[in-house]
Protein chains: 2
Amino acid sequence: MVISKSPARKAKPVRMQPKAAAEMPADAPLDLGELADLLGYSLKRAQLRVFEDFLSVMNPLQLTPAQFSVLLLMEKNPGRNQTEIASTLGIQRPNFVAMLDSLESRGLCVRLRSVSDRRSHVLMLTDKGRATLVRAKKLVAAKHETRISALLGESNRVALVRMLAKVAREL
Amino acid sequence: MVISKSPARKAKPVRMQPKAAAEMPADAPLDLGELADLLGYSLKRAQLRVFEDFLSVMNPLQLTPAQFSVLLLMEKNPGRNQTEIASTLGIQRPNFVAMLDSLESRGLCVRLRSVSDRRSHVLMLTDKGRATLVRAKKLVAAKHETRISALLGESNRVALVRMLAKVAREL
DNA sequence: CGTGTTTGGTATAGTGGATAACAATTATCA
DNA sequence: TGATAATTGTTATCCACTATACCAAACACG
């Protein structure tokens, strides 16, 4: 028998509230306590917000952050295969297949059978992919990164990115 | 008819690589290009790494970041109901149910039917929950946050958290 | 040649997050 | 008061993302 990880909700909470503690406002914002000082918490919250903003800015081009990063890598590293691009981005190779299917079906990139190793597919941007990437970069620069820079100040934004990269790399 | 978002993989890439471009090292690390300057990218990467470290540090207590944050909120805000705790953490109420089931089945907290509003469940830490939280805090402080502080310097770590909170709040 | 490895791909499962709907309860207000 | 609306916890789904096992084709290499 397998130990179930799912809820074992049988006895519903029929218990009553014990003591009627001192009257509280009851509608005041909650106290985050040490949560506010936890790096992981603010990190996650900020990441969700930044991705949300990125998505809304990129709405006309219908590119997710992950798709945008793939196109960027293809542009700067033409001729690489799926394994190389995927692993650089921390994407599992099986999960990269559907992602490429999507980009290729939209005509943004192509898989070319490599002449030197017929197992691998060389990835290349199409003209449409390059044009889309140009527009995407402009959107990101004009409406996304600019907004963050306006909020933090450009030097702080750069320092922030540098610290995050260090954490990602060296922790 | 619905427009399918799924892959339309029919024609497999039988095309051949066109020109044999200039010889490349082929095994050099890829160039991240503007990806390295994108806040969203380093943010996501750092978040994954920090959560990974948190999980390994918290391994003996088997607490995820989300569970830890719930316990912290319960401690600092006893007597709040599920909706209040969940919404403060950005958790959808339906998704919070299974999470509470798990914590309650482990004896870390209880749902008490409120005397003032019999719809809602007042959330309280149990003694075991409080004891677990004490141990968890010590682990996080000693092995997690300390490590990040050693990497960045404490003042930088504080500045980092402050900037992230600002982004999460004001972007 | 035969063995082992790599590559892209399939199938599948787990997890996190989002929405619709519902019963019980409370709030609102004519 | 009584009818209607809103809220709370919950269930049932659904979708996106991630992780693992496995496979055939192609390659590496002794």
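What counts, and where the lines are drawn
Residues numbered from 1 in each chain as written. Chains lettered and ligands numbered in written order. Predicted model: local features only at pLDDT ≥ 70, side-chain atom pairs only at ≥ 80, totals over all residues. Heavy atoms only, no water. Least-squares fit on C-alpha atoms with pLDDT ≥ 70 in both. Contact = heavy atoms within 4.5 Å. Buried area = accessible area lost by both parts, 1.4 Å probe. Salt bridge = Lys/Arg side-chain N within 4 Å of Asp/Glu carboxyl O. Polar contact = N/O pair within 3.5 Å; in protein donor to acceptor, adjacent residues only side chain to side chain. Helix = DSSP H or I, 4+ residues; strand = E, 2+ residues; numbered from the N terminus. Nonpolar A, V, L, I, M, F, W, Y, C, P; charged D, E, K, R; others polar. Expected span 1.5 Å × (residues − 1). Buried < 20%, exposed > 50% of the residue type's maximum accessible area, 1.4 Å probe, protein only.

(A) Region of interest: the relation of the copies chain B and chain A. For the match of chain B to chain A, the screw axis carries a shift of 0.0 Å, the RMSD comes to 0.0 Å, and the turn is 180 degrees. Given the turn and translation reported, the copies of this chain are related as if by a two-fold rotation axis.

(B) Quick look at the interface of chain B and chain A. The partner chain A presents 75 residues to the 75 residues of chain B that form the contact. Interface of chain B and chain A: buried area, both sides summed, is about 7400 Å²; carbon and sulfur atoms make up 69% of it. Salt-bridge contacts for Lys76 of chain B lead to Glu34 of chain A; the nearest nitrogen and oxygen are separated by 3.5 Å. Inspection of the region where chain B meets chain A yields 15 residue pairs in polar contact (both at pLDDT 80 or more). Those elements that place two or more of their residues in the side of chain B that touches chain A are helix H1 (39-57), helix H2 (65-76), helix H3 (82-88), helix H4 (93-105), strand S1 (109-113), strand S2 (121-125), helix H5 (127-152) and helix H6 (154-170) of chain B. Among the residues making up the side of chain B that touches chain A, the classes are represented as 39 nonpolar, 12 polar and 24 charged.

(C) Examining H5 of chain B more closely. Helix length check: H5 of chain B, at 26 residues, gives a terminal C-alpha distance of 36 Å against a target of 38 Å (1.5 Å per residue), a fit within 8%. For H5 of chain B, the complete set of buried residues consists of Gly129, Thr132, Leu133, Ala136, Leu139, Val140, His144, Glu145, Ile148, Ser149, Leu151 and Leu152 of chain B. Check the buried side of H5 of chain B and you find it contacts helix H1 (39-57) and helix H6 (154-170) of chain A together with H1, H2, S2 and H6 of chain B. Where H5 of chain B ends, the next residue or the one after it, Gly153 of chain B, has phi of about 95 degrees, a positive value.

(D) Highlighting unusual backbone geometry. We note that Gln62 of chain A has phi near 55 degrees; this positive angle belongs to a residue other than glycine. Tracing the sequence through the fold places Gln62 of chain A in the loop between H1 and helix H2 (65-76).

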